[in-house]
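Here is how the chains run, residue by residue.
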Amino acid sequence: MSAMLLPLADFTAPKIEYNELAPLLVVFGAACVGVLVEAFLPRPLRHLVQLAITVVAVVVSGVLTGILMNGKKELLAAQGAISVDGPALFTWLILLALSLISVLLFAERSIDGGLSAFAGQAAAVPGSEAEREGTAARIEHTEIFPLTLFAVGGMMLFAASNDLLVLFVALEVFSLPLYLLCGLARRRRLISQEAAMKYFLLGAFSSAFLLFGIALLYGYAGTMSLGGIADALSSDTGSDTILLAGTGLLGVGLLFKVGGVPFHSWTPDVYQGAPTPVTGFMAACTKIAAFVGLMRVFYVALGGSRWDWAPMMWIIAILTMVVGSIVAITQTDVKRMLAYSSIAHAGFLLTAFVGLAQAGSGVHNGITSTQAVLFYLVSYGFPTIGAFAVVTLVRDAGGEATHLSRWAGLGKKSPLLAGIFAFFLLSFAGIPLTAGFTGKWAVFSAAWTGGAWPLVVVAVLSSLVAAFFYVRVIVLMFFSDLPADAPDVALPGWQTTSAVALGLAATVVLGLVPGPVLDLAARAGEFIR
Amino acid sequence: MSHELTWLLVAVPALSAAILLLGGKATNAWGHLLGTLAPVISFAFGVVLFFQMRGQASEERSETVRLFEWFSVGQIKVDFTLLIDPLSILFVLLITGVGSLIHIYSIGYMEHDPRRRRFFGYLNLFIAAMLLLVLAADYLLVFVGWEGVGLASYLLIGFWQHKNSAAVAAKKAFVVNRVGDIGLSLAVMSMWALFGSSAFATVNAGAEHVSSTWATLLGLMLLLAACGKSAQVPLQSWLLDAMEGPTPVSALIHAATMVTAGVYLVVRSHAIYEVTDAASTAVVIVGTVTALAGAIIGCAKDDIKKALAGSTMSQIGYMMLAAGLGPAGYVFAIFHLLTHGFFKANMFLGAGSVMHGMNDDVNMRHYGALRTPMKITFATFAFGYLAILGIPPFAGFFSKDKIIEAAFADNTVIGLCALLGAGITAFYMTRVMLMTFFGKKRWADDVHPHESPAVMTWPLIILAALSLGGGALYFAGHWIVDWLEPIVGHEEEHPPVSALVMTLITLAVVAVGIVIAVLKYRRDIPREAPAGSPVTVFARRDLYGDALNEAVLMRPGQYLTRTLVWLDNRGVDGLVNGLAALFGGLSGRLRRFQTGFVRSYALSMVFGAAFVVVALLAVRLS
């Protein structure tokens, strides 16, 4: 009884480090402002205001993150629930940079007759009179901007969460807006809605696994905090069976978001159905947040039992690389092909992750798994968004022409666009002097020095297979004849142009002078607990 | 000028390539001139560097030039460092010298091509990448050049985009080369793990301390890389198809320079091969097999370029063989590489000149008696012919003879194979010669063979002179041996019989090859290829190399792909159906509540989760 009637003096408010958490708070705050804008501002103004709020919030948050990185003060904020450490700050910075590019793509209105890529009225039945009227009246969902901000904030929190409960909340905070965004395509609405439905159902399913895993780990350690679980592991109390089952189920939930095989099956369908700008955003940002989250949980909390989970992760990594690269070969849709390519990339990332090259473990080589993965995420994120931005521009009467046969001879129609796309593909294939090359070297050498050389051999073989289907698209674009009914290449507005240009510039710079970013990743150091 | 400016060698053609490829139509008018000027400038600079180096004492001739730090992570540091030493300068001279001649030739050869400017852009890109490959002082930097030449080769093989066969050949070359690249990338990663660096200096210094297993592995990885780039068995299949590219490309990339990069890599890695007999033996075997296989393929081809391509394979096999022999062979591998660069470029350009006069027909059965209308082409081609046969005093005599001698000194079987290869070479080259330039005319009435313009014949004449005089590098006081010895080392080994007897035997075998060819091909040659004996068919089909690739790699790959796709799309569904039958329609009843395929995805997740948990527990319990 007395516990319920605590005198006010006994209740200490939790200590919140507002300065350190400012980047998160700015994004979430701006998202709330965006919701208010929807409620109070007249429709014609909303697009511009929402875009301005989003861009400003992302930029301000990025600047704040930069200041924090410069200050180099790592701490556990919010009573140990959020870890503002080097990897977290680095991840925030990439997430914000890539979100900025994505937001530009979301805001593009000049390539589809003055309308955005998103449905005017999500509630209108596809093909109905109401939908036509809405389109004629140029109604748009400007809610996509606050939704994006919520997703970005959730991803940032996910990558920094130092507590399994926070991890779960963050997962839902970034997943729910994504489910919505996936279903909002203006063209081919049914397939878009189907994608959203699938993503939601399977996402919910995976959340259940995650939650069950969290419950089991709590049962084992008696705490939700990652550091607490690590302590329990080192003192080796509690049941191993519960620990291992918890580890497995938690891993399933995280691998689902990463797109690891056999938890990848949603990826191609969702990537294909979602509006292309959203696909680009998911392919880059979700993967980054999920991967950092995965590493944090497995390195910080479960690092002590790494010899138990490493073999399982080896198998998953091999499956992911092999299935991703091989199935990509037979894809006939460019978005599905990129989806499988993203699965293969997840596999490459997993090699570094299970390579377990860690500082001070006596390896000859200096690059640690964390640094390699962080760098790879940068070098993968920029070309990915750039490639999806290019996909939005190849259009015919039915919207985007994503069937690969429609891309035949594109190099003759628009050498610039096809050339840029080919460059992104070469980067995915890991050709030197592109971002992908440096990234692949980083992860492979981390895995190699960590002793996972069989994985590296599989990875190099898979990247050979992957190179094949990237080259196939290049051959198709440049060495095939242009059919008479070839799709048009839309003239992009400044938004898409700058998104493609930023993606391209980053891909070139990371290939030619990767030094500064590698340095930054190296200075991010390791996770703290 | 000093060595500090070595980077200009690479930068000039790279800049020119950038101007030509990014400049667009504005550069159409003068693009080919700029494109030709770039390698000429690099060549002139290379000559200056060469003479500077000759003036130095032999131990001071190697110099590294550190341009900037490429990246550094922890203890791994990769600098953008160039190495200019007696070995790399020879390559620089070969690449830029022969490269310049081929650029000049291309002005005439590609005159009527609307995309000539782009062609020169790609050629310059190739020159820059190839120079980077041979000048790099770090294996990772070599890899950058390695991929660069691969990309340029890919673009140039597929240059005539309107031909589907060209696109297919380009893709094949790219993919097969990637297989080789695996070797190089794994080698670099192992070097990082073993030595903490992939710089030549560190690797060479550390090679003797490394365990023999690792040395062998490293040697085999590098050999795999060399096989891919140099079209050695088992990665030889792309080179014959690569002849789809314009002929100057075949001469420059697929005869004189790029395909010899594998030999360069092996010689450059001599420190590793010296501590592992197993890997060196593997190099010798690969070289010997390819020397014979290429020669046999060359015997059966009616396409003049493919016959020459088979010959290229075979000659590179000789270089590889020599490189595998260790210090006894390194110098001669490089020596033969140089002379081969001269005479093979000469013959390829000669073939291009013939095609130019024959409406781009490549079938030798449609040639005949061309020595009269194409006098210069015939004469220069004859010089190349005599050089490759090894007739004294032509260049090939000195270089090939030394390889056969070294092979005999090492192992009689290998020596006999090398000798046999020389005989077959004499046979197929005589065949090419007779079918093209002698006999009766077999060309159609609407073909009017004519000599090529001066811009094409002058490079031929210069290369013919080099085919004759290239041997001077050796017979002038064994100059090349002294020049390369400080870098790769040299040991004189003596064949079981005296060198003079060896030479006479070789010449006798060559003579036998010539006589057989003359007897067989002096008669009239039908315009259509006869069915041929099983051996001929075997050789015509590239020794079933493609069929083998198809059976061993492609088919299983296709099956694997199909199976995975099937599993990915339907397999889990099928399993659901099977389970449904098993569990009395439970699954079927559940299915009524769900539409679409989400259920199968979810089921796959359940299986996955079960697998994950079981795997975890199994690891702990085992």
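What counts and how
Residues numbered from 1 in each chain as written. Chains lettered and ligands numbered in written order. Predicted model: local features only at pLDDT ≥ 70, side-chain atom pairs only at ≥ 80, totals over all residues. Heavy atoms only, no water. Helix = DSSP H or I, 4+ residues; strand = E, 2+ residues; numbered from the N terminus. Rg over C-alpha atoms; globule rule 2.2 N^0.38 Å. Buried < 20%, exposed > 50% of the residue type's maximum accessible area, 1.4 Å probe, protein only. Contact = heavy atoms within 4.5 Å. Areas by Shrake-Rupley, 256 points an atom, 1.4 Å probe, with all protein chains shown as cover. Salt bridge = Lys/Arg side-chain N within 4 Å of Asp/Glu carboxyl O. Phe/Tyr/Trp six-rings, centres within 6.5 Å; stacked < 30°, edge-to-face > 60°. Lys NZ or Arg CZ within 6 Å of the ring centre and 35° of its normal. Patch = residues over 30% accessible without salt bridge, like charges linked within 9 Å, V, L, I, M, F, W, Y side chains within 5 Å. Buried area = accessible area lost by both parts, 1.4 Å probe. Polar contact = N/O pair within 3.5 Å; in protein donor to acceptor, adjacent residues only side chain to side chain. Nonpolar A, V, L, I, M, F, W, Y, C, P; charged D, E, K, R; others polar. Pairing = 2+ DSSP bridges. Expected span 1.5 Å × (residues − 1). pLDDT = per-residue confidence, 0-100. Axes fitted to C-alpha atoms, helices over the stretch in contact; angles between N-to-C directions. Parallel < 35°, antiparallel > 145°, perpendicular 65-115°, else oblique. Lys, Arg positive; Asp, Glu negative; His and termini not counted. Charge placed at Lys NZ, Arg CZ, Asp CG, Glu CD. Disulfide = S-S within 2.5 Å.

## Some remarks on the overall build of chain B
Right, so step 1: In terms of regular secondary structure, chain B is built from 26 helices and 2 strands.
Right, so step 2: What you see for chain B is a C-alpha radius of gyration of 27 Å, in line with the 25 Å of a compact globule of 622 residues.
Right, so step 3: Each principal axis of the C-alpha atoms in chain B carries an extent, and together these give about 85 × 65 × 60 Å.
Right, so step 4: Within chain B, the fraction of its 622 residues that count as buried is 60%.
Right, so step 5: The long-range share in chain B, meaning contacts at least 24 apart out of those at least 6 apart in sequence, stands at 80%.
Right, so step 6: Taken as a whole, chain B presents about 22700 Å² of accessible surface, with 67% of it coming from carbon and sulfur.

## A look at the overall build of chain A
Right, so step 1: Secondary structure assignment for chain A yields 20 helices and 5 strands.
Right, so step 2: Compactness check: chain A gives a C-alpha radius of gyration of 23 Å against a globular reference of 24 Å for 529 residues, within 12% of the reference.
Right, so step 3: Taken along the three principal axes of its C-alpha coordinates, chain A extends 75 × 55 × 40 Å.
Right, so step 4: Counting only residues that meet the buried cut, chain A has 65% of its 529 residues in that class.
Right, so step 5: Considering only contacts within chain A whose residues lie at least 6 apart along the sequence, 81% involve residues at least 24 apart.
Right, so step 6: With the model as given, the accessible surface of chain A reaches about 17200 Å², and the carbon-plus-sulfur share is 70%.

## Digging into the pattern of salt bridges
Residue and element names in this part refer to chain A.
Right, so step 1: Counted according to the given criterion, the structure contains 21 salt bridges over all chains.
Right, so step 2: Between D485 and R406 there is a salt bridge, with the nearest N and O atoms lying 3.6 Å from each other. In this pair, D485 is assigned in the loop between helix 18 (453-479) and strand 5 (488-489) and R406 in the loop between strand 4 (399-400) and helix 15 (410-413), connecting sequence segments 79 residues apart.

## Thoughts on the packing of aromatic side chains
Right, so step 1: Evaluated as defined, the whole model comprises 44 aromatic pairs over all chains.
Right, so step 2: Ring geometry for A:Y271 and A:F388: centres 6.4 Å apart, planes at 85°, overall edge-to-face. Remark: A:F388 occurs in helix 14 (residues 369-391) and A:Y271 occurs in helix 10 (residues 266-273); sequence separation between them is 117 residues. The pair A:Y271 / A:F388 is uniform in exposure class, with both members buried.
Right, so step 3: Ring-pair connections join several aromatic residues into one group, and the members of that group are A:Y179, A:Y199, A:F200, A:F256, A:W266, A:Y271 and A:F388.
Right, so step 4: Over the ring of B:F159 we find B:R115; its NZ or CZ atom is 4.5 Å from the centre of that ring.

## Things to note about the side chain of A:H345
Right, so step 1: Relative to the helices and strands, A:H345 is located in helix 13 (residues 334-355).
Right, so step 2: Setting aside its immediate chain neighbours within four residues, A:H345 contacts A:Y376, A:Y380, A:F428, A:K440 and A:Y470.

## Remarks on a nonpolar patch on the surface
Right, so step 1: Taken together, A:L433, A:V508, A:V509, A:L512, A:V513, B:L5, B:W7, B:L67 and B:F68 make up a surface patch of nonpolar side chains, about 670 Å² in accessible area.
Right, so step 2: Elements that contribute at least two residues to the nonpolar patch include exactly helix 19 (494-512) of chain A together with strand 1 (63-73) of chain B.
Right, so step 3: Broken down by element, the residue count for the nonpolar patch peaks at 3 residues, all from helix 19 of chain A.
Right, so step 4: In this structure, B:L5 sits in the segment before helix 1 (7-23).

## Observations regarding the interface of chain B and chain A
Right, so step 1: Listed per partner, the contact involves 55 residues of chain B and 72 residues of chain A.
Right, so step 2: Taking both partners together, chain B and chain A bury about 5700 Å²; carbon and sulfur atoms supply 78% of that area.
Right, so step 3: Linking chain B to chain A there are 0 salt bridges.
Right, so step 4: Our count for the chain B to chain A interface comes out at 3 residue pairs in polar contact (both at pLDDT 80 or more).
Right, so step 5: Sort the elements by how many residues they give to the side of chain B that touches chain A and helix 6 (residues 164-195) of chain B lands first, with 17 residues.
Right, so step 6: Class assignment for the residues of the side of chain B that touches chain A results in 39 nonpolar, 11 polar and 5 charged.

## A closer look at the sheet that holds strand 4 of chain A
Residue and element names in this part refer to chain A.
Right, so step 1: The 3 strands lie next to each other as 4-3-5, forming an open sheet whose pairing is antiparallel. Bordering the open sheet on either side are strand 4 and strand 5, each of which pairs with just one other strand.
Right, so step 2: Where strand 3 (residues 394-396) meets strand 4, 2 bridges bridge the pair, whose relative direction is antiparallel. Paired with D396 across the strands is G399, a residue of strand 4.

## Here's the deal with helix 16 (residues 375-389) of chain B
Residue and element names in this part refer to chain B.
Right, so step 1: Over its 15 residues, helix 16 extends 21 Å from the first C-alpha to the last, a length consistent with the 21 Å expected when each residue adds 1.5 Å.
Right, so step 2: Within helix 16, burial applies to T377, T380, F381, A382, G384, Y385, A387, I388 and L389.
Right, so step 3: Buried residues along helix 16 sit in contact with helix 14 (304-324), helix 15 (330-357), helix 17 (395-410), helix 18 (412-437), helix 19 (454-469) and helix 22 (499-521).
Right, so step 4: Phi for G390, located one or two positions after helix 16, is positive at around 85°.

## Concerning the confidence of the model for chain A
Right, so step 1: Mean pLDDT for chain A: 88, with 96% of residues reaching 70 or above.
Right, so step 2: Looking over chain A, one finds the lowest element-wise mean pLDDT in helix 4 (residues 129-136) of chain A, namely 82, and the highest in helix 5 (residues 144-160) of chain A, namely 96.

## A closer look at the environment of A:I316
Right, so step 1: By the secondary structure assignment, A:I316 is in helix 12 (residues 306-329).
Right, so step 2: Between the C-alpha atom of A:I316 and that of A:Y218, which follows or precedes it by 98 residues, the distance is 25 Å.

## Some thoughts on the side chain of A:D333
All names here are of chain A.
Right, so step 1: Mapping D333 onto the fold places it in the loop between helix 12 and helix 13.
Right, so step 2: At 2.8 Å, the side chain of D333 forms a polar contact with the backbone nitrogen of K335.
Right, so step 3: If near-sequence neighbours (up to four positions away) are discounted, D333 is found in contact with Q272, T402, H403 and L404.

## Observations regarding the packing of helix 3 (residues 86-106) of chain A against helix 14 of chain A
All names here are of chain A.
Right, so step 1: Where helix 3 meets helix 14, the axes come as close as 11 Å, and the angle between the chain directions of the two elements is 0°. Comparing the axis directions of helix 3 and helix 14 gives the class roughly parallel. Here helix 3 contributes P87, F90, T91, I94, A97, L98, I101, S102 and L105 to the contact with helix 14, which in turn contributes T370, L374, L377, V378, G381, F382, I385 and A389.
Right, so step 2: Here the contact of helix 3 with helix 14 is built from residues that sort into 13 nonpolar, 4 polar and no charged.

## Observations regarding helix 13 of chain A
Residues and elements named next belong to chain A.
Right, so step 1: For helix 13, built from 22 residues, the straight-helix expectation of 32 Å at 1.5 Å per residue is met to within 8% by its first-to-last C-alpha distance of 32 Å.
Right, so step 2: The N-terminus of helix 13 is capped by D333, whose side-chain oxygen sits 2.8 Å from the backbone nitrogen of K335.
Right, so step 3: Backbone geometry just after helix 13 places L356 at a positive phi near 55°.

## Quick notes on unusual backbone geometry
Right, so step 1: For the bond running from A:V261 to A:P262, omega is 5°, close enough to zero to count as cis.
Right, so step 2: Look at the link from B:P392 to B:P393: it is a cis peptide, with omega at 5°.
Right, so step 3: For A:R188, which is not glycine, the phi dihedral falls at a positive 50°.
Right, so step 4: Along the chain, the position of A:R188 falls in the loop between helix 6 (164-182) and helix 7 (189-221).
Right, so step 5: Look at A:R188 and you get partly exposed, because its relative accessible area is 44%.
Right, so step 6: Phi is positive for B:D360, which is not a glycine, with a value near 60°.

## Things to note about a negative patch on the surface
Residues and elements named next belong to chain B.
Right, so step 1: A grouping of E274, D410, E491 and E493 is seen on the molecular surface, where their side chains present a negatively charged patch.
Right, so step 2: With respect to the element layout, E274 can be found in helix 12 (residues 270-274).
Right, so step 3: Classification of E274 by relative accessible area gives partly exposed; the value is 41%.

## Some words on the confidence of the model for chain B
Predicted coordinates in areas of low pLDDT are best not read in detail.
Right, so step 1: Confidence in the prediction for chain B averages 85 pLDDT; 90% of positions are at 70 or higher.
Right, so step 2: Averaged over each element, pLDDT in chain B is lowest for helix 25 (residues 586-591) of chain B (38) and highest for helix 11 (residues 261-268) of chain B (94).

## A word on the environment of B:A226
Residues and elements named next belong to chain B.
Right, so step 1: Structurally, the position occupied by A226 is in helix 8 (residues 212-230).
Right, so step 2: Look at A226 and you get buried, because its relative accessible area is 0%.
Right, so step 3: Separated by 35 residues in sequence, A226 and A261 place their C-alpha atoms 7.1 Å apart.

## Remarks on the environment of A:G253
All names here are of chain A.
Right, so step 1: On the secondary structure map, G253 appears in helix 9 (residues 240-258).
Right, so step 2: Once the C-alpha coordinates of G253 and F263 are considered, the two residues, 10 residues apart in sequence, prove to be 8.8 Å apart.
Right, so step 3: Those residues within four positions of G253 in sequence are excluded, and the remaining contacts are S206 and L210.

## Side note on the state of the cysteines
Right, so step 1: Under the counting rule described, the total for this entry stands at 0 disulfides over all chains.
Right, so step 2: Not engaged in a disulfide, the cysteine A:C32 finds its nearest cysteine sulfur in A:C285; these two sulfurs lie 20 Å apart.
Right, so step 3: The exposure class assigned to A:C32 is partly exposed, which follows from its relative accessible area of 42%.
Right, so step 4: In this structure B:C227 is a free cysteine whose sulfur lies 17 Å from that of B:C417, the closest cysteine sulfur available.
Right, so step 5: With relative accessibility at 3%, the residue B:C227 sits in the buried group.

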